Amino acid sequence: MAKRIGLITAGGDCPGLNAVIRAVAKPAMREGFEVLGIYDGFLGLIENRMHVLSWAEVSGILAQGGTILGSSNKANPARFAVGIGADGKAIMEDRRPQCLELIRREKIETLIVAGGDGSMTIASELAAAAHQAGHSLNVMGVPKTIDNDLEGTEITFGFQTAVSIAAEAIDRVKTTAASHHRVMVVEVMGRNAGWIALHAGVATGSDVILIPEIPFDFDAIADCVRVRSRHGKRYSIVCVAEGAKPRGGQLFVSKVDPTSPDPIRLGGVGKAVADEIEKRTGIESRYVVLGHVQRGGTPVADDRVLSTLLGERAIAMVLEGKRDRMAAVQRGRLTDVDINLPCGKQRTVPKDDPVMRAALELETHFGD
Ligand code: F6P
């Protein structure tokens, strides 16, 4: 029987997942492996939904958005929600023994997981549980997320596409803001990291960029808009990360999902910022929430290349006999790190980030 690899796309989807599936599966098949495509992230492992991928299935998908395998950002085998208790909290069960039994039965030796920090944690917990149970399970990570917030790699696939979608949207918003002499606030994703807002903001020359790493002050933002207006700039663009919050204030939460390993869904800061600017300056202010548009559709060319490099690296590591690694980019070079490195961490924008420094030199306001 051929050696078997399980392939999972887990967590929130992002452009480039199909490119990774193709980059893992084609070389693996050529080397004589069977690649089991597991459906809907770790949920497919819990529910035993998987099948051996064919060459035809993984061909022609490079530029396709989403993931042909499906994904889930709720299913963690170690803490799987089976209902909601009277206290409103999720009732959790440990489904790792059942997943390990399936992995053993299906003779899966390596699990390749395209995911973010949550998925890397799940994968390494599964490998540890397998080890304890006396099985050997190798886990390989491919760093995915539009948020670009994975420790151990300076870039994740999906990020560049999200930035370019956000930048295109802001460019469009800018012309209507100019026509109507308005303030337009554009809320972008990114969880607790400001990478998307920073890069989309700089790419579009946004006047104010608000990121979670720098708590903002409504008065300071309003002053910036007022000064611009006095200098004849009768419109302003604010690019705000969903995780940005006022100094001494709270995160804007749109929803809490107790069944999810990461239950907080952020949202609402864009409206608050627009309302407060209008209140303080009297200048009409509107907001746009880009939301999941940033995660959809075809990856930009650079993300297709990055996904291909990272996916191919994952399978190359299997062939080299490496264990429990995550493909990564460091100092612009393709490399790999211990899969535990990104677990439980988030890579946020550092104070000395060169993009932020350049923006400051260009008098971009960070709301502080
Ligand atoms: O991690 C990717 C991401 O899109 C974040 O930027 C965002 O906060 C979150 O996922 C949204 O999750 P959901 O798809 O469950 O609404």
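If you're wondering where the values come from, they're calculated on a predicted model, not measured in any experiment. (Residues numbered from 1 in each chain as written. Predicted model: local features only at pLDDT ≥ 70, side-chain atom pairs only at ≥ 80, totals over all residues. Heavy atoms only, no water.)

## What about the overall build of the chain?
What the chain contains, in helices and strands, is 11 helices and 15 strands. The C-alpha radius of gyration computed for the chain amounts to 22 Å, which stays within 12% of the reference 21 Å derived for 368 residues, consistent with globular compactness. Its C-alpha atoms give the chain principal-axis dimensions of roughly 75 × 50 × 35 Å. Counting all 368 residues of the chain, 53% fall into the buried class. Here the analysis covers contacts within the chain between residues at least 6 apart in sequence; of these, 74% occur between residues at least 24 apart. With 44 positive and 45 negative side-chain charges, the chain shows a spacing of 1 Å between the two charge centroids. (Helix = DSSP H or I, 4+ residues; strand = E, 2+ residues; numbered from the N terminus. Rg over C-alpha atoms; globule rule 2.2 N^0.38 Å. Buried < 20%, exposed > 50% of the residue type's maximum accessible area, 1.4 Å probe, protein only. Contact = heavy atoms within 4.5 Å. Lys, Arg positive; Asp, Glu negative; His and termini not counted. Charge placed at Lys NZ, Arg CZ, Asp CG, Glu CD.)

## As for the site of the ligand
Around the ligand, the neighbouring residues are N73, I146, D147, M189, G190, R191, E242, R265, H292 and R295. Between the ligand and the protein, one listed contact pairs an oxygen atom with a side-chain N or O atom of D147 at 2.6 Å. In the model, an oxygen atom of the ligand is placed 2.7 Å from a nitrogen or oxygen of the R265 side chain. Across the shell around the ligand, the residue classes tally to two nonpolar, three polar and five charged. (Near = heavy atom within 4 Å. Polar contact = N/O pair within 3.5 Å; in protein donor to acceptor, adjacent residues only side chain to side chain. Nonpolar A, V, L, I, M, F, W, Y, C, P; charged D, E, K, R; others polar.)

## Overview of the sheet that holds strand β1 (residues 4-9)
Pairing within the open sheet is mixed, and its seven strands lie in the order β3-β2-β1-β6-β7-β14-β15. Each having just a single partner strand, β3 (50-52) and β15 (333-338) make up the two edges of the open sheet. Averaged over all neighbouring strand pairs, the angle between strand axes comes to 25 degrees, with direction disregarded. Sheet analysis places strand β7 (residues 138-143) next to strand β14 (residues 325-330), joined by two bridges and oriented parallel. Bridging from a neighbouring strand, M140 pairs with R325 of β14. (Pairing = 2+ DSSP bridges. Axes fitted to C-alpha atoms, helices over the stretch in contact; angles between N-to-C directions.)

## What to know about the environment of R228
Position of R228 among the secondary structure elements: in helix α8 (residues 218-230). Expressed as a C-alpha distance, the spacing of R228 and R347, which sit 119 residues apart in the sequence, is 33 Å. Excluding anything up to four places from it in sequence, R228 contacts D207, K233, Y235 and S236. In this structure the side chain of R228 is engaged in a polar contact, spanning 3.0 Å, whose partner is the side chain of D207. Here S236 takes part through its side chain, which lies 2.8 Å from a polar atom of the side chain of R228.

## A word on the pairing of strand β10 (residues 236-241)
Taken across its six residues, β10 has six buried, putting it largely inside the fold. Across six bridges, the pairing between strand β8 (residues 183-188) and β10 is parallel. Following the sheet pairing, V185 is matched in β10 by V238. Across three bridges, the pairing between strand β9 (residues 208-210) and β10 is parallel. Its bridge partner lying in β10, L210 is registered against V240.

## Here we look at the pattern of salt bridges
If you walk through the whole model with that rule in mind, you get 27 salt bridges. Salt-bridge contacts for R49 lead to E47; the nearest nitrogen and oxygen are separated by 2.9 Å. Here R49 falls in the partly exposed class, since its relative accessible area comes to 27%. For E93, the salt bridge goes to R95, with nearest N and O atoms at 2.9 Å. A residue is classified by how much of its surface remains accessible, and E93, at 35% relative accessible area, is partly exposed. (Salt bridge = Lys/Arg side-chain N within 4 Å of Asp/Glu carboxyl O.)

## A look at the domain arrangement of the chain
Here the chain is partitioned into domain 1 (4-156 + 299-338) and domain 2 (159-296). On a C-alpha basis, the centres of domain 1 and domain 2 stand 32 Å from each other. The interface is formed by 25 residues belonging to domain 1 together with 20 residues belonging to domain 2. The junction of domain 1 with domain 2 conceals about 1,900 Å² of combined surface from both sides, 52% of it contributed by carbon and sulfur atoms. Sorting the residues of domain 1 by area buried against domain 2 places K74, I146 and D147 first, and these three jointly supply 30% of that buried surface. Summed over the shared surface of domain 1 and domain 2, the number is five salt bridges. Close ionic contact of R191 with D147 constitutes a salt bridge, the shortest N to O distance being 3.5 Å. Counting across the domain 1 and domain 2 interface gives 10 residue pairs in polar contact (both at pLDDT 80 or more). Mapped by element, the contributors of at least two residues to the side of domain 1 that touches domain 2 are β4 (80-84), β5 (90-93) and α10 (301-320). Looking at the side of domain 1 that touches domain 2 element by element, the count peaks at three residues for α10. Considering only residue class, the side of domain 1 that touches domain 2 consists of 11 nonpolar, seven polar and seven charged. (Domains from an automatic or database assignment. Buried area = accessible area lost by both parts, 1.4 Å probe.)

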